[in-house]
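# Commentary on secondary and tertiary structure
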Amino acid sequence: MTNIPQVKLGIVAVSRDCFPIGLSQSRRAAVVAACAQKGLEVYEAQTTVENEKDMLAAVEEVTKAGCNALTVFLGNFGPETPETLIAKYFDGPCMFVAAAEGDGDLINGRGDAYCGMLNCSYNLGLRGLTGYIPEYPVGTAQELADKMEEFVPIARAIIGIKNLKIITFGPRPQDFFACNAPIQGLYDLGVEIEENSELDLLVSYKEHAKDPRIPDVCADMAREMGEGKYYPDMLERMAQFELTLLDWAENHKGSRQYVAFADKCWPAFPSQFGFEPCYVNSRLATRGIPVACEVDIYGALSEYIGMCVSGDTVTLLDINNSVPASMYEAQIKGKFGYDYQLTDTFMGFHCGNTPSCKLCADRAVKYQLIQHRLLEPAGSDPDFTRGTLEGDIAPGEITFFRLQSTSDGKLRSYVAEGEVLPVPTCSFGGIGVFAIPEMGRFYRHVLIEKRYPHHGAVAFGHHGKALFELFKLLGVQDIGFNQPKGMLYKTENPFA
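The text that follows walks through the structure, step by step, so that each part is easy to find. Being a predicted model, the structure only gives us computed values, none of them experimental.

### So, helix α4 (residues 113–127)
Compared with an ideal rise of 1.5 Å per residue, which puts 15 residues at 21 Å, α4 spans 20 Å between its outermost C-alpha atoms and is within 8% of the ideal. Looking only at α4, the buried set comprises A113, G116, M117, C120, N123 and L124. Relative to the axis of α4, the buried residues are bounded by an arc of 130° and lie together on one face. Set apart from the buried face of α4 by more than 90 degrees, the exposed residues are Y114, L118, Y122, G125 and L126. Immediately beyond the C-terminal end of α4, within one or two residues, lies G128, with a positive phi of roughly 65°.

What follows is the structure in structure tokens.
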């Protein structure tokens, strides 16, 4: 995926001048060696920081080496002023970790980095600097290599967010106040936004008529779907739209490197463009360019974050409908490793924006049943409401999450891990049977209580740890999650 950053991680060792500098350097080398054993490439800065001049030299060295993320390694106690100033002068996310004892004697070989980490954190706070400190930031070379590997997707998301532009074509559909998006929160995160009208998109689409690249895109669509799973007469229209979006992204990036879209897709879109945009949206998501439905700006941002963290494509779904009790009793109850209750399950749905690689083999380009009822003559064959990519979502682990701004501009988020069950949905759209432990309580006391919209981003795999750490690093104070039994939500009735 070309629309997310590539992380080049560096490591800089620091040393307090009353401790042996060689201790910090040898421990740094051991960390780099442990990273190499894991297949994690790390640039080892040769400048060891003891003072502010060393700090400037180290930052210059790693910058020239092309590093865009950094591990600041307290090989011993560490000099709190220059080590924390690295986070100020280095243009990228910094992780601060410290060496555990045990690789030498405890007289001349003791580094006291456990103590120094306290001073490091204290000084970062005094200076108002942001540094990533893992859950337990002290470890052996092998343990720190693990933490550095976990830091990479977090760093990738931070870099991506700081270089992201969200392009919208709106306004949102009527009665979709859930997609309200105060832009102050975007600016607070460093995200740029460009808001356009749906008419701007239509004009650009018409200008792409007879684009010489259209036949190649049509052929690629046919290869992706396979014969009998698309409408041949619609390929040219959809290919024209795909090129329109790709060209708009390239021509409107401005000073930014990465883009995401939040587009209006109904009710006017299908009748004026001649198709539903869902399949095209799914194809862009496969390339790392999320296209959020219904001008859901924070949905697009959440999707982009999910791509950076997981290194994989994502989708955006309605937290849509409950699972029928009959389906639960016949196909779910007692059949999985976790004893899911009916209230732990729900169906995640959208018209057809989920990438084909995340759908079961029955996936095909179809038509939007709800829009067909609304926009086309009763009893007619679907025409311009065709273009949705439909099928059951493939079973497997997922993370359901969202970053959202409240109406008064405060950022909040939620993260919940679960799975898509191998249960046929017997429904329409891009849809799956989802199961999240304690979903019923989470639904009531996080999603409803905190007034989240009905859209949630879905990352494929369990990425809750990285997302939770990322949201903390972004300064999000309110991070909801599906709390286990016995851990009451603030609004939960203890007598219920």
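### Re the nonpolar core
Residues M148, I166, L301, I305 and F471 are the most contacted members of the largest nonpolar core, which totals 64 residues. Aside from chain neighbours lying at most four places away, what touches L301 is L164, I166, L186, L189, V191 and L403. In terms of nonpolar packing, the next biggest core, distinct from the first, is built from 53 residues, V291, F400, I436 and F442 among them.

### Overview of unusual backbone geometry
The peptide bond linking G170 to P171 adopts the cis configuration, its omega dihedral lying at 5°. Checked against the element boundaries, P171 lands in the loop between β6 (164–170) and α6 (184–189). The omega torsion of the bond from W266 to P267 falls at 0°, within 30 degrees of zero and hence cis. Looking at where P267 falls in the secondary structure, it is placed in the loop between β8 (258–263) and α10 (268–273). Here E294, not a glycine, exhibits a phi torsion of approximately 55°, which is positive.

### Topic: the pattern of salt bridges
By the definition in use, this model includes 30 salt bridges. Residue R27 pairs with D103 through a salt bridge whose shortest N-O separation is 2.8 Å. Residue R27 is found in helix α1 (residues 21–37), and its partner D103 is found in the loop between β4 (94–99) and α4; the two are separated by 76 residues along the sequence. For R27, a relative accessible area of 3% corresponds to the buried category. Taking the shortest distance from any N to any O, the salt bridge between D220 and R223 comes out at 3.4 Å. Residue D220 and its partner R223 are located together in helix α8 (residues 214–225), separated by 3 residues, close to a single helical turn. Taking relative accessible area as the criterion, R223 reaches 60% and is therefore assigned exposed. Through salt bridges that share partners, D220, R223, E224, E242, R283 and R287 make up one connected network.

### Considering the side chain of E61
Within the secondary structure layout, E61 lies in helix α2 (residues 52–64). Apart from the residues lying within four places of it in its own chain, the contact partners of E61 are Y43, E44, A45, Q46 and T47.

### Remarks on the packing of aromatic side chains
Counted by the stated rule, this structure contains 21 aromatic pairs. For the ring pair Y132 and F151, a centre distance of 5.6 Å and an interplane angle of 5° mean the geometry is stacked. With Y132 in the loop between α4 and β5 (138–139) and F151 in helix α5 (residues 141–162), this pair connects stretches of sequence that are 19 residues apart. Owing to a relative accessible area of 7%, Y132 belongs among the buried residues under this scheme. Taking relative accessible area as the criterion, F151 reaches 1% and is therefore assigned buried. Aromatic side chains F346 and F400 sit 5.6 Å apart centroid to centroid with 70° between the ring planes, which places their arrangement in the edge-to-face category. Taken together, the residues span a long stretch of sequence, with F346 in strand β11 (residues 345–350) and F400 in strand β14 (residues 396–405) at a distance of 54 residues.

### Details of the sheet that holds β5
Strand order in this open sheet of 5 strands is β2-β1-β3-β4-β5, and the pairing throughout is parallel. Edge strands, defined here as strands with exactly one partner in the open sheet, are β2 (42–44) and β5. Examined bridge by bridge, strand β1 (residues 9–14) and β2 share 3 bridges and lie parallel to one another. Residue G10 lies in a different strand from β2, and its bridge partner there is Y43. Of the strands in this sheet, β1, β2, β3 (69–74) and β4 touch α1, which is tilted by about 160° from β1. Along the sheet, α4 makes contact with β3, β4 and β5, crossing β4 at roughly 155°.

### Brief notes about the packing of α8 against helix α9 (residues 235–252)
Between two packed helices, both the angle of their axes relative to each other and the distance between the axes serve to describe the pair. The contact between α8 and α9 brings their axes to 9 Å, and the two run at 110°. In terms of orientation, α8 and α9 fall into the roughly perpendicular class. Considering how the two elements wind past one another, α8 and α9 form a crossing that is right-handed. Residue-level contacts link I214, V217, C218, M221 and A222 of α8 to L235, E236, M238, A239, Q240, E242 and L243 of α9.

### Focus: the sheet that holds strand β7 (residues 192–197)
Taken in spatial order, the 4 strands of this open sheet run β7-β6-β8-β9, and their pairing is parallel. A strand with exactly one partner marks an edge of an open sheet, and here the two such strands are β7 and β9 (291–292). Pairing between β8 and β9: 2 bridges, direction parallel. Of the residues in β9, the one forming a bridge with F261 is V291. Packed on one face of the sheet, helix α12 (residues 297–310) meets β6, β7, β8 and β9 and runs near 145° to β6.

About the thresholds
- Residues numbered from 1 in each chain as written.
- Predicted model: local features only at pLDDT ≥ 70, side-chain atom pairs only at ≥ 80, totals over all residues.
- Heavy atoms only, no water.
- Helix = DSSP H or I, 4+ residues; strand = E, 2+ residues; numbered from the N terminus.
- Expected span 1.5 Å × (residues − 1).
- Buried < 20%, exposed > 50% of the residue type's maximum accessible area, 1.4 Å probe, protein only.
- Arc of directions from axis to C-beta.
- Core = buried A, V, L, I, M, F, W, Y, C linked by side-chain atoms within 4.5 Å.
- Contact = heavy atoms within 4.5 Å.
- Salt bridge = Lys/Arg side-chain N within 4 Å of Asp/Glu carboxyl O.
- Phe/Tyr/Trp six-rings, centres within 6.5 Å; stacked < 30°, edge-to-face > 60°.
- Pairing = 2+ DSSP bridges.
- Axes fitted to C-alpha atoms, helices over the stretch in contact; angles between N-to-C directions.
- Parallel < 35°, antiparallel > 145°, perpendicular 65-115°, else oblique.
- Left-handed = near helix turned anticlockwise from the far one by under 90°.

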